[in-house]
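# Observations on the model geometry
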Amino acid sequence: MNWLYIHLPHLYGETWLADFHSSQPMALTRAQGQQIDAINPAARTCGVDIDMSLSTAFCLCPQLRASVLDARRQRRALQRAAAIAARHCAWVAEDPPCGIYLEIASMAKLLGRALQAQSTLQQVFQQRGYSAVIAAAPNPKAARLLARAGRSQCCDQRQFERCLGDIPVTALGIDAKTELRLAKLGLASVEDLARLPHGDLSYRVDTGLALYVDRISGRQTWLPPPFQAPEQFRWQLDLEQDFDSLEPLRFFLAKGIGEFCHFLQQRCLAAQALQLTLLHRRRPPTNVDVRLAAIDNRPESWQYMLSNTVNRLQLEAPIIAMQLRASVFEALDRQERQLFKSVSQESGEKKSQLLNRLGARLGMGRIHFLQISTDPRPEYQTVYASQAAVQKHRPPAGRNTPLWLAPQPLPTDIDQYTISRGPLRLNTGWWDRNGAHRDYYIASHTTLSTQWVFRQPSGLWYIHGWFA
Amino acid sequence: MLEKLFNRGQIWQRHHSSHPPALDTGFAALNQHLPGAGWPADGVTEILYPRHGVGELSLLLPCLAELSRKAMWIIWVAPPLRLNAGALAAAGVDIRQILVVSPRQNTEILWAIEEGLKSGAASAVLGWPQQASATQVRRMQICAAQNQVPCFLFKHQLLFKQPQSQQTPCALRLQLAPLTSDMLAVDILKQRQGWPAAPIALRLQRSAGFRYPHGAAAARGENTGAR
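Residues numbered from 1 in each chain as written. Chains lettered and ligands numbered in written order. Predicted model: local features only at pLDDT ≥ 70, side-chain atom pairs only at ≥ 80, totals over all residues. Heavy atoms only, no water.

## Overview of helix H5 (residues 106–119) of chain B
Residue and element names in this part refer to chain B.
- In this model H5 runs 20 Å from its N-terminal to its C-terminal C-alpha over 14 residues, within 8% of the 20 Å that 1.5 Å per residue would give.
- Counting buried positions along H5 yields twelve of 14 residues, so the element is predominantly enclosed.
- Once H5 finishes, Gly120 follows within two positions and takes phi at roughly 80°, a positive value. (Helix = DSSP H or I, 4+ residues; strand = E, 2+ residues; numbered from the N terminus. Expected span 1.5 Å × (residues − 1). Buried < 20%, exposed > 50% of the residue type's maximum accessible area, 1.4 Å probe, protein only.)

## Some points on the interface of chain A and chain B
- Tallying the contact residues gives 60 residues for chain A and 66 residues for chain B.
- Each partner contributes to the roughly 5,900 Å² buried at the junction of chain A and chain B, and carbon and sulfur atoms together form 61% of this total.
- At the surface where chain A touches chain B, the tally comes to one salt bridge.
- Residues A:Arg357 and B:Glu115 are paired through a salt bridge, measuring 2.7 Å at the closest nitrogen-oxygen approach.
- On the surface where chain A and chain B come into contact, there are 17 residue pairs in polar contact (both at pLDDT 80 or more).
- Considering every element that reaches the side of chain A that touches chain B, the biggest residue donor is helix H15 (residues 343–362) of chain A, with nine residues.
- As paired strands, strand E15 (residues 404–412) of chain A and strand E5 (residues 82–83) of chain B are joined by two bridges and run antiparallel to one another. Note that in E5(B) the partner of A:Trp404 across the bridge is B:Leu83. (Contact = heavy atoms within 4.5 Å. Buried area = accessible area lost by both parts, 1.4 Å probe. Salt bridge = Lys/Arg side-chain N within 4 Å of Asp/Glu carboxyl O. Polar contact = N/O pair within 3.5 Å; in protein donor to acceptor, adjacent residues only side chain to side chain. Pairing = 2+ DSSP bridges.)

## Side note on the sheet that holds strand E11 (residues 200–203) of chain B
- Judged by pairing direction, the sheet is mixed, and its ten strands sit side by side in the order E14(A)-E13(A)-E6(B)-E4(B)-E7(B)-E8(B)-E3(B)-E9(B)-E10(B)-E11(B) without closing on themselves. For this open sheet the edge positions go to strand E14 (382–385) of chain A together with E11 of chain B, each flanked by a neighbour on one side alone. Within this sheet the neighbouring strands show an average axis-to-axis angle of 25°, counted without direction.
- Bridge count between strand E3 (residues 44–49) of chain B and strand E8 (residues 151–156) of chain B: six bridges; the pairing is parallel. In the sheet register, B:Tyr49 faces E8(B), and the bridge partner there is B:His156.
- Along the sheet, H5(B) makes contact with strand E4 (73–77), strand E6 (98–101), strand E7 (122–127) and E8 of chain B, crossing E7(B) at roughly 165°.
- Packed onto the sheet, helix H6 (residues 134–147) of chain B meets E3 and E8 of chain B and runs at close to 135° relative to E3(B). (Axes fitted to C-alpha atoms, helices over the stretch in contact; angles between N-to-C directions.)

## Focus on the domain arrangement of chain A
- Each domain of chain A was delimited in the assignment, giving domain 1 (3–148), domain 2 (234–348) and domain 3 (400–466).
- Its C-alpha centre places domain 1 of chain A at a distance of 37 Å from the equivalent point of domain 2 of chain A. (Domains from an automatic or database assignment.)

## A look at the pattern of salt bridges
Residue and element names in this part refer to chain A.
- Inspection of the entire model under this criterion finds 26 salt bridges over all chains.
- With its nearest N and O atoms 3.0 Å apart, the salt bridge here joins Arg267 to Glu231. Taken as a pair, Arg267 in the loop between helix H13 (250–266) and strand E9 (269–280) and Glu231 in the loop between helix H12 (207–217) and strand E8 (233–243) lie far apart in primary sequence, 36 residues in all.
- For Asp432, the salt bridge identified is with Arg377, shortest N-O distance 3.0 Å. A residue pair is termed long-range when its members are at least 10 positions apart, and Asp432 in the loop between strand E16 (417–428) and strand E17 (436–445) and Arg377 in the loop between strand E13 (367–372) and helix H16 (378–381) qualify at 55 residues.
- With a relative accessible area of 34%, Asp432 lands in the partly exposed category.

## Concerning the sheet that holds strand E4 (residues 65–69) of chain A
All names here are of chain A.
- Read from one edge of the open sheet, three strands run E3-E2-E4, paired in mixed fashion. Two strands in the sheet have a free side with no partner beyond their single neighbour: strand E3 (36–39) and E4. Averaged over all pairs of adjacent strands, the angle between strand axes in this sheet comes to 30°, irrespective of strand direction.
- Pairing of strand E2 (residues 26–30) with E4 involves five bridges; the strand directions are parallel. Residue pairing across strands places Arg30 opposite Leu69, the latter belonging to E4.

## Some words on the confidence of the model for chain B
- For chain B, per-residue confidence averages 82 on the pLDDT scale, and 85% of positions sit at 70 or higher.
- For residues 207–227 of chain B, every residue scores under 50 in pLDDT, and the model assigns this stretch 33 contacts once sequence neighbours within four places are set aside. (pLDDT = per-residue confidence, 0-100.)

## A word on a positive patch on the surface
All names here are of chain A.
- The grouping of Arg72, Arg73, Arg75, Arg76 and Arg80 at the surface amounts to a positive patch.
- With respect to the helices and strands, Arg75 occurs in helix H4 (residues 71–86).
- According to the relative accessible area criterion, Arg75 is exposed, its value standing at 55%. (Patch = residues over 30% accessible without salt bridge, like charges linked within 9 Å, V, L, I, M, F, W, Y side chains within 5 Å. Areas by Shrake-Rupley, 256 points an atom, 1.4 Å probe, with all protein chains shown as cover. Lys, Arg positive; Asp, Glu negative; His and termini not counted. Charge placed at Lys NZ, Arg CZ, Asp CG, Glu CD.)

## With respect to the side chain of A:Asp95
All names here are of chain A.
- Looking at the secondary structure, you find Asp95 in strand E5 (residues 92–95).
- Side chain to side chain, Asp95 and Tyr5 meet in a polar contact 2.6 Å long.
- Side chain to side chain, Asp95 and Arg144 meet in a polar contact 2.7 Å long.
- Ignoring any residue separated from it by four or fewer positions in sequence, one finds Asp95 in contact with Tyr5, Leu78, Tyr101 and Arg144.

## What to know about the nonpolar core
- Within the largest apolar cluster, 58 residues are counted, with the highest numbers of intra-cluster contacts made by B:Trp39, B:Leu59, B:Trp76, B:Leu88 and B:Leu126.
- With five residues, helix H3 (residues 61–67) of chain B is the single largest residue contributor to this core.
- For B:Leu59, the contacting residues outside a window of four places in its chain are B:Thr25, B:Phe27, B:Leu30, B:Trp39, B:Leu174, B:Leu176, B:Leu184, B:Val186, B:Leu202 and B:Leu204.
- A:Leu69, A:Ala85, A:Val92 and A:Val124 belong to the second largest nonpolar core, which has 36 residues in total. (Core = buried A, V, L, I, M, F, W, Y, C linked by side-chain atoms within 4.5 Å.)

Structure below.
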């Protein structure tokens, strides 16, 4: 067996920051931390280093741009890199935060020997803008040690044992306390460690370290758990002629939906969104999002939603092919296995059914729930959201506001009003361009309609709401 | 002729029911005059009002606050203005249960009202149709009765595109008229099991939260100063 390890030292920066390799010094810090976790080469030339505190780094390099490393994006970056590697190798394993194991012995026919495989993958990752250190060794942990020590080598067992003498113990990535203990014992290289008997090392220094060294030297086998690429659904239909309307294609779309639901049901999954792409001959493709109110995997719900979405669609050009794609799935609830449904479950189902029906005909953008934001300006306080609020809102205390608000404040003539209450001064919104400097009054129009009017410092009066 | 009127549902027949299910309106004076002492819980209530801001929503607020305690939605179809969630919450309505649907065309508004009534997920449906024929109101009335959901149709005197005197088979029809800025006259034009009553005067709950409680004189000074 032969293993390859790909170490991507700048994985996060190269995936998420477009100008990571520019001359602008950049540093990434851990969430809520002041310590630097990763830097780009420009920052390194300024003298900034990993594990340095952020304030020191700013002293050394005032133009440094610091951003926070998001753990979820880091995982996604690694997943992307692993998906790239998985196109070349059957057994790929992730090693968070920035490494990938590849088993290459069984892929020898496809990839060639270790050296060839190494150069192929080096090229693949380089083309995608990653700077990778790739090493090959007889076992996974050995390959990892080489790559993390910065040695792009391909070794068999004997060569590996020989080069262990040059690798310092700091390359193992163990904690500082153990490192200090090793230094006190006079152990400087990994070779020194590997020579010691397992029992002694375990007794005198650390059991975990002894096990680690055994895995590196191959005295104990360890295999990484294989990586599973995220599921994707993709269905495409190439048409034999150009179609001006989707009407004759409904049957085929239904077939695509059938396949999609079959795909979901086989895996015990459900989805909420599906993308329909219509390809044109001389235009960029049209993308249509089909969304349900709740996750579902039944063909009838998807069929209803898709056919109504298609009804509202106006084609700009004839189509030559259709695609259905989905990549976000959720596991079905466990409660679904019960024979009888509870009352809340049944009403939840009725609600999502209603949302689906309304959304299918009117479009999801025309259905809203209400939420209250903390913005003091009345026009921004009510939020028309696509989801209901999770917690019950407490009404803003001590305010007397109308039930109806005008979409835009309407200019009005104050002569027609009798003011009954006020003023209430609102002087806010300095943080954006829509600052509000208003005195609000409750006033009754000559027609006896009670309205909420305000006066601006300029002396102009506006209607802002109706006490309906 | 008589049969025609029966078929259109324009004549109430005594043998139908004793007391229809009703929802408390929160106004004792109004309850007294309504059959079952409240809003029809399984029918269409038409509310005709001359202009925004006469108290057309305040009339429903006590009932809506009560309904929002159920884990079901109160569906607002095509409200003519933007809703203020803060004011609704202050009136005791749980705004998590409010669903606002804003269709563009009248047919879609009527369809959405009907869907809401039939869904089994709504505790009440409030609609502002641009126009609704007698047949369409009858459909809503049947849906509301079958699913036991109250439905409130608002007809603005200027925005509604049909004569408001038009007869429709609703369960209750009211005409609102403002008396003063916080008094409202409710005229029952039609109700089941009863005759149209004389206008009832109601005092509306407009909570006083302003810093200067009732500074009419001061405000008037301010007012003239502004000019």
